[in-house]
Amino acid sequence: MAASSPSSPDTAPRPPRRGPRTLATLFWAAVALVAVVGLAGRHDTSPPGAGPRPHAAPAVAATSSSAPGEAGPHLPRSRPTRLLIPAIGVDAPFTDLAIDSTGRLKPPPPDNTNLVGWYAKGPSPGEAGTSVIAGHVDTKTAAAVFAHLDELRKGDVVYVDRADGRRAAFVVDSTQTFDKDDFPSDRVYADTPQAQVRLITCAGSYDRSARDYTQNLVVFGHLA
């Protein structure tokens, strides 16, 4: 499905519910994510799901991106409801991802391949900070929601419909692949003053002995 890292510890501290987010907090939350959500990569057995078209929502006014270290445009906190990526045909509902009793982030349920998850105790998409969205790449029987994530290019637009009726538009900055044993957690998950997003799934070859992929694909984007 999405990210995992063999070098991650077995457990990680739970991030706070809200309040100031430090780099250390985001790093350990990232470790939890990278350690777990890839485990469902080819373990799923259900066929792809489907959902209704999203309701119309006003788009966020476009502005120029901010320089590093400067606060940019952002929205108040609001739960995401649907992810739309026209360039690759994604139209998927969200589910919350939470830390389990072992300190690891639970992956999205394996019985719906057209489903994405967001780390619900981190920034919501459009809120200042780094929002994390994860999805399956495939299952034993079918392609899944992020099967074509590697086709995104700089300048493509990712939309997130939110519970407050707004639509957050993110512009893709880059799409990069990392070996799971050398995953740059600081770079991917570090908190930022701008509203940014990370889309994560598995990539590379499938290691049947480890029952996991060898790489992770990460899409970096910023709120437009």
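Placed above this text is the structure.
In this report, the structure presented in the accompanying data block is examined. (Residues numbered from 1 in each chain as written. Predicted model: local features only at pLDDT ≥ 70, side-chain atom pairs only at ≥ 80, totals over all residues. Heavy atoms only, no water.)

1. Describing the overall build of the chain
And step 1. A count of helical and extended segments in the chain gives 2 helices and 8 strands.
And step 2. Walking the chain from its N terminus toward its C terminus, one meets helices and strands in the order α-β-β-β-β-β-β-α-β-β.
And step 3. Expressed as a percentage of the 224 residues in the chain, the buried residues total 51%.
And step 4. Within the chain, contacts between residues at least 6 apart in sequence are counted, and of these 70% link residues at least 24 apart.
And step 5. Of the roughly 9,800 Å² of accessible surface on the chain, a fraction of 53% belongs to carbon and sulfur atoms. (Helix = DSSP H or I, 4+ residues; strand = E, 2+ residues; numbered from the N terminus. Buried < 20%, exposed > 50% of the residue type's maximum accessible area, 1.4 Å probe, protein only. Contact = heavy atoms within 4.5 Å. Areas by Shrake-Rupley, 256 points an atom, 1.4 Å probe, with all protein chains shown as cover.)

2. Considerations on the nonpolar core
And step 1. The biggest cluster of nonpolar side chains holds 27 residues, and the ones touching the most others in it are Leu83, Ile85, Ile133, Phe146, Leu149, Leu152 and Leu199.
And step 2. Broken down by secondary-structure element, the contributors of at least two residues to this core are strand 1 (80–85), strand 2 (90–97), strand 3 (116–119), strand 5 (157–162), strand 6 (167–179), strand 7 (195–207) and strand 8 (212–223).
And step 3. Per-element tally for this core: the top contributor is strand 7, with 4 residues.
And step 4. Here Leu149 is in contact with Ile85, Ile88, Thr175, Leu199, Ile200, Thr201, Leu217 and Val219, once residues within four sequence places are set aside. (Core = buried A, V, L, I, M, F, W, Y, C linked by side-chain atoms within 4.5 Å.)

3. Points about the side chain of Asp161
And step 1. Among the secondary structure elements, Asp161 is positioned in strand 5.
And step 2. Of the polar contacts made by the side chain of Asp161, one reaches the side chain of Arg167; its length is 2.6 Å. (Polar contact = N/O pair within 3.5 Å; in protein donor to acceptor, adjacent residues only side chain to side chain.)

4. Comments concerning the sheet that holds strand 8
The strands that make up a sheet pair up through hydrogen bonds in the backbone, lying either parallel or antiparallel.
And step 1. If you trace the 8 strands once around the closed barrel, you get 1-2-3-4-7-8-6-5, paired in mixed fashion. Pairs of neighbouring strands in the sheet enclose a mean axial angle of 35 degrees, with direction left out of account.
And step 2. Pairing geometry for strand 1 and strand 2, over 4 bridges, is antiparallel. Bridging from a neighbouring strand, Leu84 pairs with Asp91 of strand 2. (Pairing = 2+ DSSP bridges. Axes fitted to C-alpha atoms, helices over the stretch in contact; angles between N-to-C directions.)

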